[in-house]
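Understanding the architecture of this molecule
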Amino acid sequence: MGFLEAGIPMEWQDTKEYHDILEYVLKHGSDQFLEVFRRVKDRKNDVLKWGDEVEFHIGKVESDDSVKISCKARELIEKLEAEDRALVQEGKKIFSTWHPEYGAWMVEATPAHPYGNSAADLRKVEPNLRQRRRRIMKALNDDEYIIGLVAWPRMGCDDFLVESAPPGGPVSESLFLPDSLINPHPRFGTLTRNIRKRRGKKVDIAVPLFIDENTDIDKLPSYSVTSRCNKSMTTRKEIYMDSMGFGMGCCCLQVTFQARDLKESRHLYDQLAVLCPIFLALTAGTPVFKGLLADTDVRWSTISQSVDCRTPVEVGCVDKNITLPGAEMPQRGTKKIRKSRYDSIDSYISTSPLLKPEYNDNETEIHEPTLKKLLDNGVDETLARHIAHLFIRDPLVIFSDRVHVKDDATTEHFENIQSTNWQTMRWKPPPLESDMGWRVEFRPMEMQLTDFENAAYTVFVVLLTRVILFFDLNLYIPISKVDENMKTAHKMDAVLKEKFYFRENLVPLEAQCGPMDESEGGESADNADDEYELMTIEEILLGKGDAFPGLVPLIWAYLDIIDCYEETRLLVEKYVDFISDRAKGDILTPARWIRNFISSHPDYKKDSIVSKKIEHDLVKRCIDISNGELHEPSLLGDNRVCPLNENKELDRLETKNQPELCRASSANLADGPDINPKDMKRLRGASFQEDVGMSAQHAYKCAVVRSLIEKYKSEPQRKHVLKETLGFANTPAFLASK
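Residues numbered from 1 in each chain as written. Predicted model: local features only at pLDDT ≥ 70, side-chain atom pairs only at ≥ 80, totals over all residues. Heavy atoms only, no water.

**A word on the overall build of the chain**
To keep it simple, the criterion reads: Elements are defined by DSSP. Helices are runs of H or I of four residues or more, strands are runs of E of two residues or more, and each kind is numbered from the N terminus. Residue contacts follow a heavy-atom distance rule, with two residues in contact if any of their heavy atoms lie within 4.5 Å. Computed by Shrake-Rupley with a 1.4 Å probe, the accessible areas treat only the displayed protein chains as cover when residues are assessed.
Secondary structure summary: the chain contains 23 helices and 20 strands in total. Taking the contacts inside the chain whose residues are at least 6 apart along the sequence as the reference set, 75% of them involve residues at least 24 apart. Total accessible area computed for the chain in this model is approximately 28,200 Å², and 49% of it derives from carbon and sulfur atoms.

Written as structure tokens, this is what we have:
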């Protein structure tokens, strides 16, 4: 959930004193950024470190066999942390850390230590995820469980909470959710209350309702609400929600990477931003909100609406803000802001010559005092505008005892603003007095039911960062088209039925080696609108025509080039083939699988309503799948999840006759598999040119790399068998480990 400071939180007030404090935090937040920038802008040669974050709902099976969420996250985390302290005292290593999330029924789990820059680290992800799940499950009672559904199906309906409480309260004023389900950490309740008070009313979330053949709009509940422009309206054809908990109560999968330096972090931020809508659609898992089937498949817009703190002037409804009853001053905001503070990024930030000005074609709102300060202090205009855009948002959580702090000793005011700009990508400067480098966070993906799926997507994205950097890929399209792709990603079955804007020429090593062939013409088009076209996700991953090899063939070529060890290669192929099968429709997204489960359930009346009985059976099925007690081929293909076992851990084994076999392993699961020295190949991210140089005597290297790409481009959908792979080891080596 980002920056978690503690103290005495201040309640939002439209008074001169409080507005002055807001301006003070904004001013000193930019000063703190400048302090970091001055200290570490020239930091170089950090190694690749990376890690994932996963979130779970905590649930319970009640005596009447109903399933409910349980607000025991604080108790659970305290128990897990006590176990960790005991392990450390015994001289044992811990492998996971535990963090509070917005919901009192949610827990976030991360690796205790980042993964590193060797290929062997790719094999540690799934065992670590399984270890986290096992630790949590052991800490819960027998009738309790964790589950990786994105949204709890009937949250806000009837009695959905173990710790039963009436809806509403002074913090959220919700018609559906009690304040007691907000995590007791002061940040979360303060965020909820201050978003409501800043905008002058509750949040109003409207998700399109899926209209089935028996859906009777007139029989569904209707609510008279005040729209964002303060107009009365009645909602029926949308799923209406009114609290931050409906959005921030969703579970997601995020991955963070440390870059070599400032330049590389900015380049990765841009290139991965283009991929965010693609991975949102690939991981889609949210077809149900508040007991109703939605006409969308993902969580993003729901969260965006749930934290939208814009005032009527900022929304663009009126030209002048009003003074609310009981306030001393008009509401904040003097100009229109196009988006909620939870949305897709608004601009690219790289210094690469590949970034044309016309790619940043959105009108980006700017906090002018911050922009001027940054420019006056030597920050380049592209980055200065990015930071100044973040600073158009007011800080939402200010602790009264932490207003006046030393800007050369802390970055908490900067992080206050940065951490509440929840965008598809987050660019993260190093903390003061830390060995961390410049980082980027990939944020769009939806939580998956199994550790296998979450590991697959994590590893896939890690490899894409290496491919982007090693092959010097150019994925730029106008940022406005990325916004359109985000809207497309929300649609039902977008992964199969929709097309996304993507760059039509994906030429690996174009700058170093020229075009792939004589007919390509290596130069970019003069007009940015001529550089992209609409493609399916299958085409984006697996290729389209001669000029576009697809991302997956580049991964195969990259693994050949680094001479990836056999055991790691086999596991990576499982992950990549699984995701490719999702893109082709051979395996369902969680959203489609959930829809199919509901539509085929005997209790479903084709009326868009998800009943208690359906919820119960769905949750129970998901638990069994997550824990490996039940295999669901339509969701996982032939990738079987090994059951968690109290006395022995289970690992994967590849055999000739049985593609997936669970077996007992004597190794500690959290340590990952035993590492063969051959598996310590570096996950190289440096560009081809920097690694090998480009002289006449190295000309063959372009031909070798290109031939590997051509090989996999011609057979992108086959199942890759290592013994049939013409590895890079068969060519003269020029990327020996350093």
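From this point on, the discussion continues.
**Considering the pattern of salt bridges**
We apply this condition: A pairing counts as a salt bridge when a side-chain nitrogen of Lys or Arg comes within 4 Å of a carboxyl oxygen of Asp or Glu.
In total, this model carries 60 salt bridges according to the counting rule given. Between glutamate 35 and arginine 39 there is a salt bridge whose closest N-O contact spans 3.0 Å. Of this pair, glutamate 35 and arginine 39 both sit in helix H1 (residues 16-40), four residues apart, which is roughly one turn of that helix. Between arginine 198 and aspartate 394 there is a salt bridge, with the nearest N and O atoms lying 3.0 Å from each other. One end of the pair, arginine 198, is in helix H4 (residues 186-199); the other, aspartate 394, is in the loop between helix H10 (381-390) and helix H11 (412-418), with 196 residues separating them in the sequence. Taken together, the salt bridges that share partners define one network made up of Glu23, Arg198, Glu314, Arg332 and Asp394.

**Considerations on the nonpolar core**
Which entries qualify depends on this criterion: Each nonpolar core is a collection of buried residues, namely Ala, Val, Leu, Ile, Met, Phe, Trp, Tyr and Cys, held together in the definition by side-chain atoms within 4.5 Å. A simple rule labels every residue: compare its accessible area, found with a 1.4 Å probe on the protein chains alone, to the largest value its type can have, and call it buried under 20%, exposed over 50%, or partly exposed in between.
The biggest cluster of nonpolar side chains holds 203 residues, and the ones touching the most others in it are Phe279, Leu282, Trp427, Phe471, Leu541 and Trp593. With 14 residues, the single largest contributor to this core is helix H12 (residues 451-470). What phenylalanine 471 contacts, discounting residues up to four positions off in sequence, is Pro508, Leu509, Leu554, Ala557, Tyr558, Ile561, Val705 and Ile709. Ranked by size, the runner-up nonpolar core spans eight residues in total, among them Trp12, Tyr18, Val25 and Val403.

**Things to note about unusual backbone geometry**
Comment: phi is negative for the bulk of residues other than glycine, and the bulk of peptide bonds are trans. A positive phi angle, close to 75 degrees, is found at aspartate 65, a residue other than glycine. Following the sequence through the fold, aspartate 65 ends up in the loop between strand E1 (50-61) and strand E2 (67-69). What makes aspartate 65 partly exposed here is its relative accessible area of 40%. Of note in this structure, aspartate 493 is not a glycine but carries a positive phi near 55 degrees. Relative to the assigned elements, aspartate 493 resides in the loop between helix H13 (479-489) and helix H14 (494-497). By relative accessible area, which is 8% here, aspartate 493 ends up buried.

**Examining the packing of H1 against helix H9 (residues 368-376)**
In plain terms, the rule: In this analysis an axis means a line fitted to C-alpha atoms, helices contributing only their contacting stretch, and an angle means the value between N-to-C directions, from 0 to 180 degrees. An angle below 35 degrees is treated as roughly parallel, one above 145 as roughly antiparallel, one from 65 to 115 as roughly perpendicular, and anything else as oblique. The hand of a helix crossing depends on one turn: near helix anticlockwise from the far one by less than a right angle means left-handed, and clockwise means right-handed. Gly is placed with the polar residues, together with every amino acid not listed as nonpolar (Ala, Val, Leu, Ile, Met, Phe, Trp, Tyr, Cys and Pro) or charged (Asp, Glu, Lys and Arg).
It is the contact of H1 with H9, at a shortest axis distance of 10 Å, that shows an interaxial angle of 25 degrees. The orientation of H1 with respect to H9, classified from their angle, is roughly parallel. Like other packed secondary-structure pairs, H1 and H9 cross with a definite hand, here right-handed. Where H1 approaches H9, its residues Lys27, Ser30, Asp31, Phe33 and Leu34 are matched on the opposing element by Thr370, Lys373 and Leu374. Across the contact of H1 with H9, the residue classes tally to three nonpolar, two polar and three charged.

**Here's the deal with the packing of H12 against helix H17 (residues 551-561)**
Across the interface, H12 lies against H17 with an axial gap of 10 Å and an inter-helix angle of 80 degrees. The orientation of H12 relative to H17 falls into the category roughly perpendicular. Contact residues: Phe460, Leu463, Leu464, Arg466, Val467 and Phe470 in H12; Leu551, Val552, Leu554, Ile555, Tyr558, Leu559 and Ile561 in H17. Here the contact of H12 with H17 is composed, by residue class, of twelve nonpolar, no polar and one charged.

**Comments concerning the side chain of serine 419**
Operational definition: Polar contacts, as used here, are pairs of N or O atoms within 3.5 Å; protein pairs need one atom able to donate a hydrogen and one able to accept it. Residues neighboring in sequence count only if both atoms are side-chain atoms.
Looking at where serine 419 falls in the secondary structure, it is placed in the loop between H11 and strand E14 (422-423). Looking at serine 419, its side chain comes within polar contact range of the main-chain oxygen of glutamate 415, at 2.7 Å.

**A word on the environment of alanine 120**
Checked against the element boundaries, alanine 120 lands in the loop between strand E4 (106-111) and helix H3 (125-139). By relative accessible area, which is 1% here, alanine 120 ends up buried. It is 5.9 Å that separates the C-alpha atoms of alanine 120 and methionine 680, two residues lying 560 residues apart in sequence.

**Some remarks on the packing of aromatic side chains**
Defined as follows: Only the six-membered ring of Trp is used, alongside the rings of Phe and Tyr, when aromatic pairs are assigned; centres must lie within 6.5 Å, and planes under 30 degrees apart are stacked while those over 60 apart are edge-to-face, with the rest tilted. Here, a charge over a ring is recorded when the distance from Lys NZ or Arg CZ to the ring centre is within 6 Å and its angle to the ring normal is within 35 degrees.
On inspection of all chains with the given rule, the structure shows 26 aromatic pairs. With centroids separated by 5.4 Å and ring planes inclined at 15 degrees, the aromatic side chains of tyrosine 359 and tyrosine 476 adopt a geometry described as stacked. One end of the pair, tyrosine 359, is in the loop between strand E13 (342-343) and H9; the other, tyrosine 476, is in the loop between H12 and H13, and 117 residues separate them in sequence. Each member of the pair, tyrosine 359 together with tyrosine 476, is buried. Chaining the aromatic ring pairs together yields one cluster made of Phe33, Phe37, Phe391, Phe414, Trp427 and Trp438. Here the basic side chain of arginine 595 rests over the ring of phenylalanine 210, its NZ or CZ set 5.8 Å away from the ring centre.

**Structural notes on H4**
Convention followed: Under the convention used throughout, the expected extent of a helix is 1.5 Å for every residue step, that is, one less than its residue count.
With 14 residues, H4 extends 20 Å from end C-alpha to end C-alpha; this agrees with the ideal 20 Å at 1.5 Å per step. Buried residues of H4: Arg187, Phe188, Gly189, Thr190, Leu191, Thr192, Arg193, Asn194, Ile195, Arg196, Arg198 and Arg199, and no others. Positive backbone phi, approximately 90 degrees, marks glycine 200, located one or two places after H4.

**Remarks on the environment of alanine 151**
Topologically, alanine 151 is positioned in the loop between strand E5 (144-147) and H4. Alanine 151 sits 137 residues away from valine 288 along the chain, and the two C-alpha atoms are 7.3 Å apart. Once residues within four sequence positions are removed from consideration, alanine 151 is found in contact with His57, Cys250, Thr286, Val288 and Phe289.

**Thoughts on a negative patch on the surface**
The following threshold applies: Grouping into patches uses exposed residues only, defined as over 30% relative accessible area, and leaves out salt-bridged ones; the cut-off is 9 Å for like charges and 5 Å for nonpolar side chains (Val, Leu, Ile, Met, Phe, Trp, Tyr). Within this scheme the basic residues Lys and Arg register as positive and the acidic residues Asp and Glu register as negative, but His and the chain ends are omitted. Charged side chains are reduced to one point each, which is NZ for Lys, CZ for Arg, CG for Asp and CD for Glu.
A surface patch of negative charge is lined by Glu358, Asp361, Asp526, Asp529 and Asp530. Looking at the element boundaries, aspartate 361 is found in the loop between E13 and H9. Classification of aspartate 361 by relative accessible area gives partly exposed; the value is 36%.

**Remarks on the state of the cysteines**
For clarity, the threshold we go by: Two cysteine sulfur atoms make up a disulfide if the distance between them is within 2.5 Å.
Throughout the structure, instances matching the rule amount to zero disulfides. Here cysteine 252 stays free of any disulfide, with the sulfur of cysteine 251 as its closest cysteine sulfur at 7.6 Å. A relative accessible area of 6% means that cysteine 252 is categorised as buried.

**Some remarks on helix H6 (residues 262-282)**
The test is simple: Bend at a residue means the angle formed by two fitted axes: the first through the 7 residues ending at that position, the second through the 7 residues beginning there.
In a regular helix each residue adds 1.5 Å, so 21 residues correspond to 30 Å; H6 covers 30 Å between its end C-alpha atoms and thus fits that length. At leucine 275, H6 shows its largest kink, close to 40 degrees, and the proline proline 277 lies no more than four residues downstream. Across the 21 residues that make up H6, a large majority, 20, are buried. For H6, the capping residue at the N-terminal end is aspartate 261, with a side-chain oxygen 3.3 Å from the backbone nitrogen of lysine 263.

**Focus: the confidence of the model for the chain**
As a reminder, the rule being used: Looking at any residue, its pLDDT shows the predictor's confidence there, from 0 to 100.
For the chain, the average pLDDT comes to 88, and 86% of its residues sit at 70 or higher. Across residues 646-661, confidence stays below pLDDT 50; counting only partners more than four residues off in sequence or on other chains, it has 41 contacts. This model gives residues 663-672 a pLDDT under 50, and the stretch forms 23 contacts once residues within four places in sequence are excluded.

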